[in-house]
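Structure assessment
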Amino acid sequence: MSIYDVFGGSKPFNKEEWAAQKQAQRKEAYELIDNTCAEMLADGDAFQQYLEVQGRFDRYSVNNAILVSAQMPEATSLKDKNAWKQSRVYVNKDAQKVIILEPGKEYTREDGTKAVGYNAKEVYDISDTSAANRQPPQEKKGMRELVSAMIDASPVGFQPVDDLELPAFYDSGQQTIFIKTGLNEEQLFVSMAKEVSAAVFDFKYNESRDASDFKSFCVAYMVSSRYGVDTRAFRFDKLPKEYEGMDAQALKGELGSMRDVLSEIQSEMYKSLEKNKPAKSKEQER
């Protein structure tokens, strides 16, 4: 008698059936990505929804942010069942699964080049788990903290100016961001976020301020929405002309550069916020 008899008449694992299911999920995921890209190009609300998700999940790839946006845009914390279980959190029976893609094994293409395959992965939001009512409230950052963190995230310095026509302007020649005086705190942060994005696009991609204007606008929106800054002034009703007729691959290329700049700014802001966090807050986290 085997000790495994204690498991009773459990259904045997069918590897071929499991592999076929994962292959079908992977195919559906890529189709959903392409369909969502088409929707984003046609509908400003869908585009804005993607930006909000990518801002929240700044470490996610563009493909996975698109998948989350299409399936559960309100998600805040996603993990697979095993990861939740390791945290002693259990997924509800009726939980909505979200399919994302994770890197698999490296393989060789027919032309001899190397590539990485992607596998479908089922994840679940914290709202569909036993921890739904135990979510810690998100700490609201003060505008002074955020402005200071944005200064630390900038690759160039700032210069306040009284008679500037725009709220802020990145001058690549002088490698300076000029800031108009008299702005309220939220206007100041949003304007800084856009021009810091323009500076990073200049340094990272050698793109001029004009060339990266819309992408900097998008990054500023993602950063602002992430930290709860008022974003009502942002409009995505009509995308720039160059986005008309763009295919999914080209769109993802544009979104990819936005995501990279976002990630760089968020990383530097996070370091600054942690460094300047009051001692009491740091002690409470231990």
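This write-up is about the structure you can find in this document. Starting afresh in each chain, residues are numbered from 1 along the sequence in its written order. Thresholds applied to this predicted model are a pLDDT of at least 70 for local features of residues and 80 or more for the giving and counting of side-chain atom pairs; totals over whole chains, interfaces and linings are not thresholded and use all residues. To get the side-chain values, all heavy atoms of the structure are used, and hydrogens and water are removed first.

1. Examining the overall build of the chain
A count of helices and strands for the chain gives 9 helices and 6 strands. With the C-alpha coordinates aligned to their principal axes, the bounding extent of the chain is approximately 85 × 55 × 35 Å. We call a residue buried when its accessible area falls under 20% of the maximum for its residue type, exposed when it is over 50%, and partly exposed in between, using a 1.4 Å probe and counting protein chains only. For the chain, with 286 residues in total, the buried portion stands at 42%. Contacts are assigned to residue pairs that have any heavy atoms within 4.5 Å of one another. Look at the contacts in the chain between residues 6 or more apart in sequence, and 61% of them connect residues 24 or more apart. Here the chain displays about 17200 Å² of accessible surface, and carbon together with sulfur accounts for 48% of that area. Only four residue types enter the tally: Lys and Arg on the positive side, Asp and Glu on the negative side, with His and both chain ends excluded. Every charge is mapped to an atom, namely NZ of Lys, CZ of Arg, CG of Asp or CD of Glu. Both charge centroids of the chain, one from 39 positive and one from 47 negative side chains, sit 7 Å from each other. Think of it this way: any DSSP run of H or I at least four residues long counts as a helix, any run of E at least two long counts as a strand, and we number them from the N terminus. Here the Shrake-Rupley method, with its probe set to 1.4 Å, supplies the accessible areas, and only the displayed protein chains count as covering residues.

2. Description of the pairing of strand β2 (residues 98-108)
Strands are labelled as partners when DSSP assigns at least two bridges between them. Inspection of the sheet shows β2 paired to strand β3 (residues 114-125) by 9 bridges, in the antiparallel sense. Residue pairing in the sheet places Tyr107 in a bridge with Ala115 of β3. What sits between β2 and β3 in their antiparallel hairpin is a turn of 5 residues, with Gly112 showing a positive phi close to 95 degrees.

3. Digging into the side chain of Asp58
Within the secondary structure, Asp58 is located in the loop between α2 (44-56) and α3 (62-71). On the accessibility criterion, Asp58 (13% relative accessible area) is buried. For this analysis, a polar contact is any N or O atom pair within 3.5 Å, provided that within protein one partner can donate a hydrogen and the other can accept it, and provided that sequence-adjacent residues contribute only side-chain to side-chain pairs. Side-chain polar atoms of Asp58 contact the side chain of Arg226, separated by 3.1 Å. The contacts of Asp58, once residues within four sequence positions are left out, are Arg226, Arg259, Leu262, Ser263 and Gln266.

4. Some details on the environment of Ala42
As for its placement among the helices and strands, Ala42 is situated in helix α1 (residues 15-42). Taking the C-alpha atoms as reference, Ala42 lies 12 Å from Pro240; in sequence the two are 198 residues apart.

5. Some thoughts on the packing of aromatic side chains
Any pair of Phe, Tyr and Trp rings, taking the six-membered ring for Trp, is counted once the centres come within 6.5 Å. Such a pair is stacked with planes under 30 degrees apart, edge-to-face with planes over 60 apart, and tilted for the rest. Considering all chains together, one arrives at 11 aromatic pairs under this definition. Ring geometry for Phe214 against Tyr243: centres 5.3 Å apart, planes inclined by 70 degrees, an arrangement best described as edge-to-face. Taken together, the positions of Phe214 in helix α7 (residues 213-226) and Tyr243 in the loop between α7 and α8 (248-275) put the pair 29 residues apart, joining distant regions of the chain. Of the two residues examined, Phe214 and Tyr243, each falls in the buried class. Note on Phe217 and Phe234: the rings are 5.0 Å apart at their centroids and 45 degrees apart in plane angle, and the pair reads as tilted. Of this pair, Phe217 sits in helix α7 while Phe234 is found in the loop between α7 and α8, placing the two residues 17 residues apart along the sequence. With relative accessibility at 6%, the residue Phe234 sits in the buried group. Among the aromatic side chains, those forming a connected cluster through ring pairs are Phe47, Phe214, Phe217, Tyr221, Phe234, Phe236 and Tyr243. Consider the ring centre and the ring normal. A charge sits over the ring if Lys NZ or Arg CZ is within 6 Å of that centre and within 35 degrees of that normal. Just above the ring of Trp84 sits the side chain of Lys79; from NZ or CZ to the centre is 4.7 Å.

6. What about α3?
Of all 10 residues that make up α3, 8 are buried, and the element is covered over most of its length. Of the positions making up α3, those classed as buried are Val62, Asn63, Asn64, Ala65, Ile66, Leu67, Val68 and Ser69. Buried-residue contacts for α3 involve α1, α2, β1 (78-79), β2 and α8.

7. Points about the sheet that holds β3
Read across the open sheet, the 3 strands follow the order β1-β3-β2; overall the sheet is antiparallel. The sheet is open, and its two borders are formed by β1 and β2, each paired with just one other strand. Every axis corresponds to a line fitted to the C-alpha atoms, with the helix fit spanning only the stretch in contact, and the corresponding angles, defined between N-to-C directions, vary from 0 to 180 degrees. Those strands touched by α1 are β2 and β3, and its axis lies near 90 degrees from that of β3. Against the sheet, α3 touches β1 and β2, its axis set at about 155 degrees to β2.

8. Examining the nonpolar core
What we call a nonpolar core is a set of buried Ala, Val, Leu, Ile, Met, Phe, Trp, Tyr and Cys residues that are connected through their side-chain atoms within 4.5 Å. Core analysis: the biggest nonpolar cluster contains 68 residues, and Phe47, Ile265 and Met269 have the highest contact counts within it. Counting 6 residues, the second-largest nonpolar core is a separate cluster that includes Val89, Tyr124, Ile126 and Ala131.

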